[in-house]
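The primary structure of each chain is shown beneath.
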Amino acid sequence: MTGDITVFSGSAHPSFAKEMCQILGIPLSPSRTTRFSNDCLQVQLRANCRQRDVYLVQPLVEPVQEHLMELLLMLDAARGASAAQITAIIPHYSYARSDKKDAPRISIGGRLVADMLATAGAGRVLTMALHAPQVHGFFSVPVDHLSATAELAEHFTSRDLSESIVVSPDLGNAKVATDFARILGLEVVAGSKKRIADDKVIIERIVGDLHGRTHAIVLDDEIATAGSIVELLAMLRSEGIKRFSLACTHGLFTGPAIDRLRAEADVEEILITNTVPLPVEKRLPQMETRSVAPLFAEAVRRIHCGESVSSLFSDEVTYGA
């Protein structure tokens, strides 16, 4: 890497930013976030930004609003410091779930937050596994949308998968699940899901053929309350599946998720990435984390050097073929 790149981290996931910087061979530049007596935040970037390529790392995780405001202030600080280019690295863009007007007089937070980031100073956004692909179009600045599909698939490549099948919890995630299954040389089925509330869903049926399969690899973009997963597992058991592996990019595990998953004795493993920090109290013995920091670091290198980021995926090795 050349010397005109600077990386800062917000308070949401500094270990991810540090790992990225170690791979890139550059230091993580210091910043300071303070709080006034009236509860307002102030951010100071404590390294030179003038005419530099600046990257600000901050996933939007709990407390989301606090971390979003910190990121907006960091963007504003970098712009005020005359940065040549400012990229917001948001490994988990939580507002992607607010992507449509599915009720009267409802806000579309995904688009609003995208506008806020651009207004604050982001000239580019680097993110991973948006909950809905159309969120990409909410941004008025370039977006590099990374995928953890190959990284998650590699975990399973050395195993006997003759009795396995890939399962998408809903039809909306079926395309990603199909790509995942293609890497492993497996078939894919999907749940027909109806959402009742944020943490309550009904799986009406399984679309596809499960005949002769005893092991399901359930792939989703995120696991939040695990409501969809629990309903899906119950449906799959009724279809003859006996063993389960769960794989997702964003392991949020909010609300009752950990208790729900702990009660599922036939879930042999839960595979996640490190796009969001995982507190010790949310860890289960069967959890395994794969780092996507190398993928983000390579994307940063390509952005900085003016190379294609999309070819990062078209050049991927196909495992298990």
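Please refer to the structure placed before this passage.
Let me begin by describing the structure that accompanies this report. All figures in this text were calculated on a predicted structure; none of them were measured in a lab.

### What about the pattern of salt bridges?
For the structure shown, the criterion picks out 18 salt bridges. With a shortest N-O distance of 2.4 Å, Glu269 and Arg159 are connected by a salt bridge. Separated by 110 residues along the polypeptide, Glu269 in strand β14 (residues 267-273) and Arg159 in the loop between α4 (149-154) and β9 (164-168) bring together distant segments of the chain. Of the charged contacts, one joins Glu307 and Arg301 as a salt bridge, the two residues approaching to 2.9 Å between their closest N and O atoms. Residue classification places Glu307 among the partly exposed positions, given a relative accessible area of 38%. According to the relative accessible area criterion, Arg301 is partly exposed, its value standing at 26%. Beyond isolated ion pairs, a larger network of salt bridges with shared partners links Glu298, Arg301, Arg302 and Glu307.

### A few points about unusual backbone geometry
Cis peptide bonds are those with omega within 30 degrees of zero, and the linkage from Glu62 to Pro63 qualifies with -5 degrees. You can see Pro63 is positioned in the loop between β5 (53-57) and α2 (64-80). Unlike most non-glycine residues, Ala226 shows phi in positive territory, near 70 degrees. Relative to the helices and strands, Ala226 resides in the loop between β12 (215-223) and α6 (227-238).

### A look at helix α5 (residues 174-184)
Every buried residue of α5 is listed here: Ala177, Phe180, Ala181, Ile183 and Leu184. Relative to the axis of α5, the buried residues are bounded by an arc of 155 degrees and lie together on one face. Those residues of α5 that are exposed and angled more than 90 degrees off the buried face are Lys175 and Arg182. A positive backbone phi angle near 70 degrees is found at Gly185, which sits one or two residues after α5.

### Some thoughts on the pairing of strand β3 (residues 31-35)
Where β3 meets strand β4 (residues 41-45), 5 bridges bridge the pair, whose relative direction is antiparallel. Bridge pairing in β4 links Thr33 to Val43. Here β3 hands over to β4 after 5 residues, with Asp39 in that stretch at a positive phi of 80 degrees.

Analysis parameters
- Residues numbered from 1 in each chain as written.
- Predicted model: local features only at pLDDT ≥ 70, side-chain atom pairs only at ≥ 80, totals over all residues.
- Heavy atoms only, no water.
- Salt bridge = Lys/Arg side-chain N within 4 Å of Asp/Glu carboxyl O.
- Helix = DSSP H or I, 4+ residues; strand = E, 2+ residues; numbered from the N terminus.
- Buried < 20%, exposed > 50% of the residue type's maximum accessible area, 1.4 Å probe, protein only.
- Arc of directions from axis to C-beta.
- Pairing = 2+ DSSP bridges.

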